[in-house]
Amino acid sequence: MAPYIRLRQICLVAPQLAPVISDIAEIMGLAVCYRDGNVAKYGLENALLPVDTILLEVVAPFKDGTTAGRFIEKSGGRGGYIAIFCCNDPDERGRNANAMGVRTANVVDHAPYHGVQLHPRDCRAAFIEFNHTEGSDDILGAYPPAGPDWQKFIRKDVTQALICVEMQSPDPQGLAEHWGRIIGVAPSHDAELKLPNATFRFVKGASEIMSALEFRVADVARVLHAARAKGLAVAGSEFLLGGVTFRIAA
């Protein structure tokens, strides 16, 4: 099989799940497909919402001393936490990253799911994880982290797709090239990594963070109105939620 790489999941971190999850669901017209009890061993609780075939996850620490809690303290609560990619050989991609000096932080092996998480300090800006689910090369196939029937929770009447992840850096081209080497996708001259189902765009910023998520929606005005109704400050076609800027496009 030819190698493939797709964006599978974006993970945000919040001090508490409420009201972030309910706000995302109501503003963006999405539905929670799963809450994974397995993350409790890391001192976390979570919820996942499918945006078409990409999962949007929010995790929140419920005790002190968690990696997610330290991330919030270090970043001041700004920036996305993990970019998760599905591929056919996570171990090979992990070895390639290790050869670049990017350490493996954690290996998750729950058959049929296998994931390799890389160290955020070495990745820069956010964690990168590669995973594969045996027998599930179909993007609508089984994906255990999202629960047994995540596909039934896909809602497209409001939000149709997560189209772009924005990464900030004082050196956006340098970060694009670094992530491109890890992921195996060469960046364009304007510091973008184009995957089959989403684009990573690298822009100038004071610190290295996953700064924004861009969504294609059916009715921009409706989504922005829903955000204002939740008390969020809307500027142009964007608002801050879950530590990242939600950018809305038709």
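Placed above this text is the structure.
Chemist: How would you sum up the nonpolar core? Please name residues and give values.
Modeler: One finds M28, F85, W179, F200 and F239 to be the most contacted residues of the largest nonpolar core, which totals 61 residues. Among the elements that take part in this core, helix α1 (residues 20-28) stands out by supplying 6 residues, more than any other. Residues within four places of F239 in sequence aside, it is in contact with I27, M28, V223, L224, A227, L232, A233, V234, V244, T245, F246 and I248. The next biggest cluster of nonpolar side chains, apart from the first, holds 20 residues, and it includes V13, L48, L55 and I72.

Chemist: How would you explain the environment of K194 if you had to name every residue and give the values?
Modeler: The residue K194 is located in strand β9 (residues 192-194) in this model. On a C-alpha basis, the gap between K194 and T104 in space is 24 Å, while along the polypeptide they are 90 residues apart. Every residue in contact with K194, bar those within four places of it in the chain, is listed here: V185 and T199. Within the structure, the side chain of K194 is placed 2.8 Å from the side chain of E192, a separation counted as a polar contact.

Chemist: Kindly report on the pattern of salt bridges, identifying the contributing residues and their values.
Modeler: One pass over the structure, following the stated rule, counts 11 salt bridges. Between E208 and R124 there is a salt bridge; the shortest N-O distance is 2.8 Å. Here E208 is found in the loop between β10 (199-204) and β11 (209-217), whereas its partner R124 is found in the loop between α4 (120-123) and β7 (127-133), with 84 residues between them in sequence. Salt-bridge contacts for E192 lead to K194; the nearest nitrogen and oxygen are separated by 2.8 Å. Under the relative-accessibility criterion, E192 is labelled buried at 11%. Each of the salt bridges in this network shares a partner with another, and the network as a whole consists of E192, K194, R201 and E214.

Chemist: Quick rundown of the layout of surface pockets? Include the residues and the values.
Modeler: When its volume is computed, the largest pocket comes out at roughly 1200 Å³. Every residue lining the largest pocket is counted, 47 residues in all, and those nearest its centre are T67, Y81, I82, Q117 and F127. Top element by residues in the lining of the largest pocket is helix α2 (residues 67-75). It accounts for 6 residues. Of the residues belonging to the lining of the largest pocket, the class tally is 25 nonpolar, 12 polar and 10 charged.

Chemist: Kindly report on the pairing of strand β3 (residues 54-61), identifying the contributing residues and their values.
Modeler: With 8 of 8 residues buried, β3 lies mostly within the body of the structure. Covered by surrounding structure in β3 are I54, L56, V58 and A60 together with L55, E57, V59 and P61, the residues of both alternating faces. Note that strand β1 (residues 5-13) and β3 share 5 bridges and pair parallel. Bridging across to β3, I10 finds its partner in L56. Turn length for the strand β2 (residues 44-51)-β3 hairpin, with the two strands adjacent in sequence and antiparallel, is 2 residues, and the turn residue D52 shows positive phi of about 55 degrees.

Chemist: Which residues make up the side chain of N131, and what values go with them?
Modeler: Inspection of the secondary structure assignment puts N131 in strand β7. A polar atom in the side chain of N131 sits 3.0 Å from the side chain of E129. With sequence-adjacent residues up to four places away left out, N131 is seen in contact with R8, I84, F85, C86, C87, P90, Y113, H114, G115 and Y143.

Chemist: Hey, could you go over α1 for me, with residue numbers and the actual values?
Modeler: For α1, the buried fraction is high: 7 of the 9 residues fall into the buried class. Listed as buried for α1 are V20, I21, D23, I24, A25, I27 and M28. Of the residues flanking the end of α1, it is G29, one or two places downstream, whose phi is positive at about 65 degrees.

Chemist: Residues and numbers for unusual backbone geometry, please.
Modeler: In terms of backbone geometry, most residues other than glycine have negative phi values and most peptide bonds are trans. Cis geometry is adopted by the peptide bond preceding P19, which originates at A18 and carries an omega value of 0 degrees. Tracing the chain through its elements places P19 in the loop between β1 and α1. The residue after A111, namely P112, is reached through a cis peptide bond having omega 10 degrees. Tracing the chain through its elements places P112 in the loop between β5 (104-110) and β6 (113-118). In this model, R124 sits at a positive phi of 75 degrees, which is unusual for a non-glycine residue. The phi angle at A125 is positive, at roughly 80 degrees, despite the residue not being glycine. Checked against the element boundaries, A125 lands in the loop between α4 and β7.

Rules used in this analysis
- Residues numbered from 1 in each chain as written.
- Predicted model: local features only at pLDDT ≥ 70, side-chain atom pairs only at ≥ 80, totals over all residues.
- Heavy atoms only, no water.
- Core = buried A, V, L, I, M, F, W, Y, C linked by side-chain atoms within 4.5 Å.
- Buried < 20%, exposed > 50% of the residue type's maximum accessible area, 1.4 Å probe, protein only.
- Helix = DSSP H or I, 4+ residues; strand = E, 2+ residues; numbered from the N terminus.
- Contact = heavy atoms within 4.5 Å.
- Polar contact = N/O pair within 3.5 Å; in protein donor to acceptor, adjacent residues only side chain to side chain.
- Salt bridge = Lys/Arg side-chain N within 4 Å of Asp/Glu carboxyl O.
- 1 Å grid on protein atoms, 1.4 Å probe; cavity = no way out; pocket = protein on both sides within 12 Å on 5 of 7 lines; lining within 4 Å.
- Points joined across faces, edges and corners; volume = space filled by probe spheres on them.
- Nonpolar A, V, L, I, M, F, W, Y, C, P; charged D, E, K, R; others polar.
- Pairing = 2+ DSSP bridges.

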